[in-house]
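Observations on the three-dimensional arrangement
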Amino acid sequence: RAEAGKRDYLSYQRVRVLGRGAYGAAVLLRERRTGDTVVCKELSLQALDAPRLEVVENEVRILASLRHPHIIEYRCSFALREKQLLCVVMEYAEGGTLADVIWVHAQRAEPLSEAVVLRWLRQLSAALRHLHAGRTLHRDLKTQNVFLSLDQQIKLGDFGVSRVMSTDTLLADTVVGTPHYMAPEVIQREAYREPADVWALGVILYELVALRRPFDETNLGALVVSITTKAPDVAPLAASPHARELWELATADALLQREPSRRPTLDDLSDRLEQIPQPCPHTSTAAGVEVPSVA
């Protein structure tokens, strides 16, 4: 697919740079004939040291192996030797990230509608279930890595630190990820597996309901103590307009249970979601979805 991908790449028009980082830039491309858009990570081969190149190659391998409606779609990857660039072309999620949405609603003190929270939780759970079925841990699940399509469908992305577990080694023990979303067993350098991703899902649900993180200390030491010894504050959840059956999933009795074996599995979560009464859109006091402009 590399040469074909390069030919496809040349058929696209550069629209704008979406963001820059230490190793390159994310560029929005538009297909000249159809008008379809994709995003291309253009990474400098000169700036990529061996460890970082391994992270990129790992993400490409995992993305290329995944096909799911709620996971960012991989298109192709190739090197532009004349420009010393490594290009990774992927589906473009025009709707931004969950972090964007939560920030806007928090600034306005407007809760998300229960229907939206339930839909996103179901879609993100389905994406994780597909990932875990292939013995892959995401290991950096957070609102910044959960993207939205233009019609506000979940698109899970950023698999740079994900890990495919072999049948012989089903437990990972490397401390990776973003501290605010790390499960207690990860922080304590214990062996971990799928329940660590489930914990991060619980943190995301807490944010969607309460519009703030369950553990939000800025000092790393204090954050570690909170995650490993304290239960998340229930008050912001209970103050939300959402059904108790929904917000209770984001407590220490469910997804944010410190003991991994006592957390609900994704199948358990699916069953519990089916038992939550469907919200009536005409009586909901919560807002729909407000997102920053992506123009």
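Everything discussed here concerns the structure shown above.
Residues numbered from 1 in each chain as written. Predicted model: local features only at pLDDT ≥ 70, side-chain atom pairs only at ≥ 80, totals over all residues. Heavy atoms only, no water.

Across seven bridges, the pairing between strand E2 (residues 24–31) and strand E3 (residues 37–44) is antiparallel. Residue pairing for E3: leucine 28 is matched across the bridge by valine 39. Pairing between E3 and strand E5 (residues 85–91): seven bridges, direction antiparallel. Bridge pairing in E5 links valine 39 to methionine 90. (Pairing = 2+ DSSP bridges. Helix = DSSP H or I, 4+ residues; strand = E, 2+ residues; numbered from the N terminus.)

The next thing to look at is helix H4 (residues 114–133). Each α-helix turn comprises 3.6 residues. Residues three or four places apart therefore point the same way. An ideal rise of 1.5 Å per residue puts 28 Å on 20 residues; H4 measures up with 28 Å between its terminal C-alpha atoms. Directly after H4, the chain includes arginine 135, whose backbone phi takes a positive value near 60 degrees. (Expected span 1.5 Å × (residues − 1).)

Let's shift gears to the packing of aromatic side chains. The relation between two aromatic rings is expressed through the spacing of the ring centres and the mutual angle of the planes. Scanning the entire structure with this criterion turns up one aromatic pair. Measuring from ring centre to ring centre gives 6.1 Å for tryptophan 199 and phenylalanine 215, while their planes differ by 10 degrees; the resulting arrangement is stacked. Note that tryptophan 199 is positioned in helix H6 (residues 194–210) and phenylalanine 215 in the loop between H6 and helix H7 (220–229), a separation of 16 residues in sequence. For tryptophan 199, a relative accessible area of 0% gives the class buried. The exposure class of phenylalanine 215 is buried, given its relative accessible area of 2%. (Phe/Tyr/Trp six-rings, centres within 6.5 Å; stacked < 30°, edge-to-face > 60°. Buried < 20%, exposed > 50% of the residue type's maximum accessible area, 1.4 Å probe, protein only.)

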